[in-house]
Amino acid sequence: MEKTKITICTGTACYVLGGANLLELEDFLPDELKSKVEVVGSACLGMCKNASPDSKPPFVKVGNEVIHSATVQKIISYILQR
Ligand code: FES
(Lines give C-alpha, C1' and ligand atoms only; values in the text may rest on other atoms or scores of the structure.)
Protein backbone atom coordinates (compact mmCIF):
# COMPACT_ATOMS: atom_id res chain seq x y z
CA MET A 1 0.00 0.00 0.00
CA GLU A 2 1.25 3.45 -0.84
CA LYS A 3 2.13 5.63 2.11
CA THR A 4 0.09 8.71 2.87
CA LYS A 5 2.28 11.74 2.69
CA ILE A 6 1.92 14.23 5.52
CA THR A 7 3.41 17.58 4.56
CA ILE A 8 4.00 19.89 7.49
CA CYS A 9 4.46 23.53 6.62
CA THR A 10 7.46 25.01 8.35
CA GLY A 11 7.16 28.43 6.75
CA THR A 12 7.28 31.31 9.21
CA ALA A 13 3.54 31.84 9.76
CA CYS A 14 2.90 28.15 10.37
CA TYR A 15 6.08 27.59 12.31
CA VAL A 16 5.39 30.28 14.90
CA LEU A 17 1.78 29.16 15.30
CA GLY A 18 2.69 25.62 16.20
CA GLY A 19 4.11 24.04 13.07
CA ALA A 20 7.37 23.48 14.90
CA ASN A 21 5.68 21.05 17.33
CA LEU A 22 3.99 19.22 14.50
CA LEU A 23 7.33 17.97 13.26
CA GLU A 24 7.25 15.66 16.27
CA LEU A 25 4.12 14.05 14.86
CA GLU A 26 5.99 10.88 14.05
CA ASP A 27 6.70 10.31 17.74
CA PHE A 28 2.99 10.44 18.54
CA LEU A 29 1.68 8.26 15.77
CA PRO A 30 -0.10 5.13 16.90
CA ASP A 31 1.91 2.04 15.91
CA GLU A 32 -0.60 0.99 13.30
CA LEU A 33 -0.06 4.25 11.42
CA LYS A 34 3.71 4.45 11.61
CA SER A 35 4.28 2.27 8.59
CA LYS A 36 1.49 3.91 6.61
CA VAL A 37 2.54 7.52 6.57
CA GLU A 38 5.52 9.54 5.52
CA VAL A 39 6.09 12.84 7.33
CA VAL A 40 7.92 15.59 5.51
CA GLY A 41 8.51 19.27 6.21
CA SER A 42 7.93 21.90 3.57
CA ALA A 43 8.61 25.55 2.99
CA CYS A 44 5.54 27.83 2.93
CA LEU A 45 2.68 26.01 1.22
CA GLY A 46 1.25 29.35 0.14
CA MET A 47 -1.91 28.99 2.21
CA CYS A 48 -1.09 31.51 4.92
CA LYS A 49 -1.71 34.27 2.41
CA ASN A 50 -5.39 33.40 2.27
CA ALA A 51 -5.69 32.62 5.94
CA SER A 52 -8.98 33.64 7.54
CA PRO A 53 -10.48 33.14 11.01
CA ASP A 54 -11.85 29.83 9.73
CA SER A 55 -8.65 28.76 8.10
CA LYS A 56 -5.60 29.51 10.18
CA PRO A 57 -2.01 28.31 10.31
CA PRO A 58 -0.43 25.95 10.94
CA PHE A 59 -1.32 24.21 7.70
CA VAL A 60 -0.60 20.57 7.04
CA LYS A 61 -1.38 18.49 3.99
CA VAL A 62 -2.52 14.91 4.32
CA GLY A 63 -2.20 13.58 0.80
CA ASN A 64 -3.83 16.39 -1.14
CA GLU A 65 -6.17 17.52 1.61
CA VAL A 66 -5.30 20.57 3.67
CA ILE A 67 -5.79 20.72 7.41
CA HIS A 68 -5.74 24.15 9.01
CA SER A 69 -5.14 25.02 12.67
CA ALA A 70 -3.39 21.68 12.71
CA THR A 71 -2.51 19.89 15.91
CA VAL A 72 -0.95 16.47 16.33
CA GLN A 73 -4.30 15.11 17.53
CA LYS A 74 -6.20 16.65 14.65
CA ILE A 75 -3.83 15.18 12.10
CA ILE A 76 -4.01 11.71 13.65
CA SER A 77 -7.82 11.73 13.79
CA TYR A 78 -7.88 12.87 10.20
CA ILE A 79 -5.62 10.07 9.02
CA LEU A 80 -7.67 7.51 10.94
CA GLN A 81 -10.86 8.67 9.24
CA ARG A 82 -9.49 8.24 5.78
S1 FES B 1 3.88 29.59 6.22
FE2 FES B 1 2.62 27.86 6.12
S3 FES B 1 1.36 28.19 4.43
FE4 FES B 1 2.71 29.87 4.46
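Residues numbered from 1 in each chain as written. Predicted model: local features only at pLDDT ≥ 70, side-chain atom pairs only at ≥ 80, totals over all residues. Heavy atoms only, no water.

Participant: Explain the nonpolar core here, please?
Facilitator: Soluble globular proteins: nonpolar side chains tend toward being buried together. Within the largest apolar cluster, 16 residues are counted, with the highest numbers of intra-cluster contacts made by I6, L25, I75 and I79. For this core, the secondary-structure elements that each account for two or more residues are β1 (4–9), β2 (37–42), β3 (60–62) and α4 (72–81). Of the residues forming this core, the biggest block, 4 residues, is contributed by α4. Residues contacting I79, with those up to four places away along its chain left out, are I6, L29, L33, V37 and V62. (Core = buried A, V, L, I, M, F, W, Y, C linked by side-chain atoms within 4.5 Å. Buried < 20%, exposed > 50% of the residue type's maximum accessible area, 1.4 Å probe, protein only. Helix = DSSP H or I, 4+ residues; strand = E, 2+ residues; numbered from the N terminus. Contact = heavy atoms within 4.5 Å.)

Participant: Can you walk me through helix α1 (residues 12–22) in this structure?
Facilitator: Helical periodicity: at 3.6 residues per turn, an α-helix aligns residues three or four positions apart in one direction. Inspection of α1 places C14, G18, G19 and L22 among the buried residues, and these make up the whole buried set. For α1, the arc enclosing every buried residue in end-on projection is 115 degrees, short of the 170-degree limit, so these residues lie on one face. Set apart from the buried face of α1 by more than 90 degrees, the exposed residues are T12 and V16. Summarising the contacts, the buried residues of α1 are in contact with β1, α2 (25–28), β3 and α4. (Arc of directions from axis to C-beta.)

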